[in-house]
Amino acid sequence: MRLCIIGAGYVGLVTAACFAEMGNQVVCVERDPDRLAALRRGECPIHEPGLDTMLAQQRLSGQLVFTGQLLEGLRQVDIVFIAVGTPAQEDGSADLSHVLEVADQLGRHLSRACLVVNKSTVPVGTCEAVAQRINRQLASRSLDWRISVASNPEFLKEGAAIEDFMRPDRVIIGCDEPHSAELLQRLYSPFLRNRDRVLVMGLRAAEFTKYAANAFLATKISFINEMAALCSLLDVDIEQVRHGIGSDRRIGTHFIYAGCGYGGSCFPKDVRALISTARQQGFDPQILRAVQARNTLQKTLLFEALHQHFGGYLQGRVVAVWGLAFKPGTDDIREAPSLVLIDALLAAGARVQATDPAAMAAVARRYPDAIGNAQLVLCETLYGCAQGADAVVLVTEWKQFRQPDFLRIRGAMRMPMLFDGRNIYDRAELSGHGFLYHGIGRPVAGHCKVTAA
Ligand SMILES: NC(=O)c1ccc[n+]([C@@H]2O[C@H](COP(=O)([O-])OP(=O)(O)OC[C@H]3O[C@@H](n4cnc5c(N)ncnc54)[C@H](O)[C@@H]3O)[C@@H](O)[C@H]2O)c1
């Protein structure tokens with residue numbers, strides 16, 4: 001099929017690359033000139049395992065091309081995918097300006113009937129609004145055909161996006177007429193050869209499913225974080241509790257890791273947008289509000305623990321931060337817990353040394369002043385990062401940080417103090433190496449507790 005993907009971000013690029021890989025002819029439209037230029041030079045502008053190799057192969061084969069001109073993407077097109085951002089607005093609601101702008105562009109430029117599919121995460125009713133906008137323009141151009149809009153929310157995880165797209169748990173297709181569903185089922189069939197996981201439902205149900213899925217996962221995280229806070233007050237190790245409850249198949253082992261909060265481009269904004277949707281309906285979403293409040297608090301815990309440990313005085317202290325991306329496997333720092341910690345440390349006068357395998361460029365762009373006056377130093381290795389530090393704080397659990405040479409780290413530090421924001425280390429092992437160790441919701445032997453009211 002001939003596909004046009006609008007937006008070359010995390011979702012658009014992965015979608016474009018994976019559909020091209022299955023033999024479709026794909027044109028990806030991107031309006032950011034720097035990003036477009038990088039893609040045309042053969043560079044992958046985001047860190048996503050496996051994506052750079054796929055893009056390079058498809059560029060050579062001509063299966064996937066990048067353009068800034070929507071018209072180029074619409075020539076002979078069968079399906080247009082919208083994959084642009086829907087960031088949170090000030091009031092928490094989803095900013096639909098990019099999606100609606102694309103709808104207007106499509107209304108102006110489409111020259112043949114095709115299926116328009118929305119992949120961006122959008123509130124219920126948006127696909128209907130997109131269809132109306134496009135069709136109104138088609139009518140005003142005196143064209144006698146109309147298009148339909150389907151919803152196909154994306155569930156990929158950054159850091160494992162190719163794998164998720166190639167072997168999806170399910171593909172949700174929301175549409176109100178059978179032809180669109182058949183076309184999308186045909187497009188997805190190579191990805192689902194071993195298991196038919198296509199779920200066809202109403203347009204509005206598909207839009208809502210995406211928010212409900214993210215809200216549920218965020219709820220699991222905030223739930224375990226709340227249990228961790230209680231554990232540390234009761235001298236119970238949340239890690240033992242996690243194993244205890246995770247072995248129950250009704251609960252499951254995923255998304256019940258206590259930590260320093262969830263970030264990223266999806267959970268925070270999608271929970272916020274769902275709260276906003278609920279309020280617009282005059283409904284008080286009590287669980288969602290609590291999920292959000294717990295997460296906001298959770299992101300402050302590491303700083304609070306450091307503050308308490310150093311007697312409320314962090315001026316001149318050197319703190320090493322391991323992990324800046326909102327999760328391992330990506331360079332995405334949107335709403336990352338590391339940023340909340342770094343902001344607080346800089347405000348308290350601490351010197352921050354930070355490292356990350358993929359997200360240093362993004363962090364450098366965010367803190368030009370602190371880097372300029374050397375209050376924030378980005379380090380190539382975790383050992384360099386720990387040099388002269390009064391404390392190490394693990395924020396993102398990259399594999400590279402799992403089994404470092406702790407003796408070497410202790411030797412480099414001014415004080416052997418480790419705050420484990422993801423509970424990946426073993427207290428006994430760390431103590432054996434002479435470290436003072438603080439986890440999230442883990443018993444503390446005579447030292448400050450990482451807890452929250
Ligand atoms: N990132 C994820 O892990 C993820 C997962 C599932 C769903 N989503 C959802 O998918 C959508 C896209 O997310 P993302 O992370 O890929 O966003 P992103 O911000 O990384 O990428 C969006 C891209 O679209 C481009 N763009 C915007 N308007 C355009 C236009 N008119 N024409 C051409 N290009 C345009 C932007 O320049 C940008 O490169 C969001 O609604 C998001 O919530 C994201």
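These numbers come from a predicted model, not from an experiment.

## Focus on the site of the ligand
For step 1, the next point in the chain: By nearness alone, 27 residues border the ligand, and Val11, Glu30, Thr86, Glu158 and Lys269 come closest of all.
For step 2, the next point in the chain: Thr86 has a polar side-chain atom sitting 2.6 Å from an oxygen atom of the ligand.
For step 3, the next point in the chain: In isolation the ligand exposes 840 Å². Once the protein is present, 90% of that is buried.
For step 4, the next point in the chain: Residue assignment for the shell around the ligand shows that the elements contributing at least two residues are helix 1 (10–21) and helix 5 (97–109).
For step 5, the next point in the chain: Mapped onto the domain boundaries, the shell around the ligand takes at least three residues apiece from domain 1 (2–201) and domain 2 (219–453).

## What about the side chain of Lys220?
For step 1, the next point in the chain: Looking at where Lys220 falls in the secondary structure, it is placed in helix 9 (residues 203–234).
For step 2, the next point in the chain: Nearest to the buried, unbridged Lys220 among oppositely charged side chains is Asp248, at 10 Å.
For step 3, the next point in the chain: Of note is the side chain of Lys220, whose polar atom sits 3.2 Å from the backbone oxygen of Ile251.
For step 4, the next point in the chain: Sequence-distant contacts of Lys220, defined by excluding residues within four places in its chain, comprise Ile251, His254, Phe255 and Ile256.

## Things to note about the packing of helix 9 against helix 12 (residues 286–298)
For step 1, the next point in the chain: As a packed pair, helix 9 and helix 12 sit with axes 9 Å apart at the nearest point and diverge in direction by 55 degrees. Put simply, helix 9 runs oblique to helix 12. The chirality of how helix 9 crosses helix 12 is left-handed. Residue-level inspection shows Ala215, Ala218, Thr219, Ser222, Asn225, Glu226 and Ala229 of helix 9 in contact with helix 12, the latter providing Ile287, Leu288, Val291, Arg294, Asn295 and Gln298.

Definitions and cut-offs
- Residues numbered from 1 in each chain as written.
- Predicted model: local features only at pLDDT ≥ 70, side-chain atom pairs only at ≥ 80, totals over all residues.
- Heavy atoms only, no water.
- Near = heavy atom within 4 Å.
- Polar contact = N/O pair within 3.5 Å; in protein donor to acceptor, adjacent residues only side chain to side chain.
- Areas by Shrake-Rupley, 256 points an atom, 1.4 Å probe, with all protein chains shown as cover.
- Helix = DSSP H or I, 4+ residues; strand = E, 2+ residues; numbered from the N terminus.
- Domains from an automatic or database assignment.
- Buried < 20%, exposed > 50% of the residue type's maximum accessible area, 1.4 Å probe, protein only.
- Lys, Arg positive; Asp, Glu negative; His and termini not counted.
- Salt bridge = Lys/Arg side-chain N within 4 Å of Asp/Glu carboxyl O.
- Contact = heavy atoms within 4.5 Å.
- Axes fitted to C-alpha atoms, helices over the stretch in contact; angles between N-to-C directions.
- Parallel < 35°, antiparallel > 145°, perpendicular 65-115°, else oblique.
- Left-handed = near helix turned anticlockwise from the far one by under 90°.

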